[in-house]
Amino acid sequence: MTSTLRSNCNVIAAVLGAILIAGSSLSIANAAEGDAGSNPHRLAAKIFKEHNCGSCHTLGSKGQFGYTAHGLEIKKQSLGCVDLLTAMTKLISVPEERWTSEQQAQVHDFHEFGCTQCHAMTSHGMEMTELGAKLRAAHMSCPEVEKTLNTNRSSAGE
Ligand code: HEC
Ligand code: HEC
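From a predicted model like this one, the values you see are computed outputs, not experimental measurements.

**Description of the overall build of the protein chain**
- A tally of helices and strands in the protein chain yields seven helices and four strands.
- For the protein chain, the residues scored as buried account for 13% of the 158 residues in total.
- A separation of at least 24 residues holds for 55% of the contacts in the protein chain among residues at least 6 apart in sequence.

Structure (structure tokens):
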């Protein structure tokens, strides 16, 4: 009984510890992401990795991403970044109860793909979340991530 209680406490302590660690590493990550600092390439690579860009994009040269098989499928369905952001921007002025089921599915994808970690649909229009605003201020938009990661290393001096 007492020992179960104690082990429960240990479990709770471990869980709390994990939450604290997760919380602080998240804020460190956010701080790092907001700080293009001395190394834009590293920041772009971090965004690419942590925000799942690689589920659809591959790294290329010549300043442009390529596509994974999934990315090509998404492109065919007009759910790629440019198409999707354009669709979401238009949808903001349409009352939610008038969204078609296709539009509802697109909004779902916009969340599902992780876009809403930085892009926020608000009643004032498409805005940035706190993280998005930090990255915008650091000149690390989606197009910048693409450009930065797909430039030849040799000429990537900035
Ligand atoms: C679910 C798939 C998917 C994810 C996730 C995704 N993209 Fe895309 N993205 C596409 C597709 C498909 C296109 C091309 C069609 C379009 O632009 O609508 C595209 C287009 C782009 C473009 C414009 C490319 C051009 O040359 O016009 C940029 C920039 C871009 N993506 C950056 C990113 C970044 C940065 C991330 C991660 C934060 C990301 N994408 C995540 C599918 C995705
Ligand atoms: C880690 C943050 C982040 C994520 C995740 C992200 N974006 Fe972005 N994206 C930005 C920032 C910052 C900009 C610059 C916005 C600005 O300048 O107003 C941007 C710009 C863009 C642009 C270019 C818009 C323009 O007018 O030039 C497109 C298109 C875009 N994002 C689509 C997407 C889509 C679709 C997703 C999800 C697949 C996505 N983004 C995920 C941060 C992000």
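**Some details on the nonpolar core**
- If you look at the biggest cluster of nonpolar residues, it comprises 14 residues, and the most contacted ones within it are Leu43, Ala44, Ile47, Met140 and Val145.
- Secondary-structure elements contributing two or more residues to this core are helix H2 (40–50), helix H4 (81–91) and helix H7 (142–149).
- Considering every element that reaches this core, the biggest residue donor is H2, with three residues.

**Structural notes on the site of ligand 1**
- Surveying the vicinity of ligand 1 reveals 20 residues, the closest of which are Cys53, Cys56, Gly80, Cys81 and Val82.
- If you list the elements that add at least two residues to the shell around ligand 1, you get helix H3 (69–76), H4 and H7.
- In terms of residue count, H7 provides more of the shell around ligand 1 than any other element does, four residues in total.

**A word on the site of ligand 2**
- If you check the shell around ligand 2, you find 19 residues, and the closest are Cys81, Cys115, Cys118, Ser141 and Cys142.
- When grouped by side-chain class, the residues that make up the shell around ligand 2 number 12 nonpolar, six polar and one charged.

**Observations concerning the pairing of strand S3 (residues 119–122)**
- Relative to strand S4 (residues 125–128), S3 runs antiparallel, the two being bridged by four bridges. Across the sheet, residue methionine 121 finds its bridge partner in S4, namely methionine 126.
- Counted between consecutive antiparallel strands, the loop separating S3 from S4 contains two residues.

**Considerations on unusual backbone geometry**
- Here the phi dihedral of serine 78 falls at roughly 55°; this positive angle occurs in a residue that is not glycine.
- Looking at the element boundaries, serine 78 is found in the loop between H3 and H4.
- On the basis of neighbour counts, which here come to 12 C-beta atoms within 10 Å, the residue serine 78 falls in the exposed class.
- Positioned with a positive phi, histidine 139 is a non-glycine residue whose angle comes to about 55°.

**Topic: the packing of H4 against helix H5 (residues 101–112)**
- Packing of H4 against H5 leaves a shortest axis separation of 10 Å and a crossing angle of 120°. Viewed along their axes, H4 and H5 adopt a mutual orientation that is oblique. Our pair here, H4 against H5, has a crossing hand that is left-handed. Facing Leu84, Ala87, Met88 and Leu91 of H4, the residues of H5 in contact are Gln103, Gln106, Asp109 and Phe110.
- Tallied by class, the residues present in the contact of H4 with H5 amount to five nonpolar, two polar and one charged.

**Focus: the confidence of the model for the protein chain**
- Looking at the protein chain, the pLDDT average stands at 82 and 72% of residues meet or exceed 70.
- Overall, residues 7–30 carries pLDDT values under 50, and its contacts beyond four positions in sequence, including any with other chains, amount to one contact.
- Low pLDDT, under 50, characterises residues 154–158; the predicted model gives this stretch three contacts beyond four residues in sequence or across chains.

**Considerations on H5**
- For H5, which comprises 12 residues, the first-to-last C-alpha distance of 16 Å matches the rise-based estimate of 16 Å (1.5 Å per residue) to within 8%.
- When you tally the buried positions in H5, you get zero out of 12 residues, a small fraction of the element.
- The first or second residue beyond H5 is glycine 114, which carries a positive phi of 90°.

About the thresholds
Residues numbered from 1 in each chain as written. Chains lettered and ligands numbered in written order. Predicted model: local features only at pLDDT ≥ 70, side-chain atom pairs only at ≥ 80, totals over all residues. Helix = DSSP H or I, 4+ residues; strand = E, 2+ residues; numbered from the N terminus. Buried ≥ 20, exposed ≤ 12 C-beta atoms within 10 Å, placed from the backbone. Contact = placed C-beta atoms within 7 Å. Core = buried A, V, L, I, M, F, W, Y, C linked by C-beta atoms within 7 Å. Near = placed C-beta within 6 Å. Nonpolar A, V, L, I, M, F, W, Y, C, P; charged D, E, K, R; others polar. Pairing = 2+ DSSP bridges. Axes fitted to C-alpha atoms, helices over the stretch in contact; angles between N-to-C directions. Parallel < 35°, antiparallel > 145°, perpendicular 65-115°, else oblique. Left-handed = near helix turned anticlockwise from the far one by under 90°. pLDDT = per-residue confidence, 0-100. Expected span 1.5 Å × (residues − 1).

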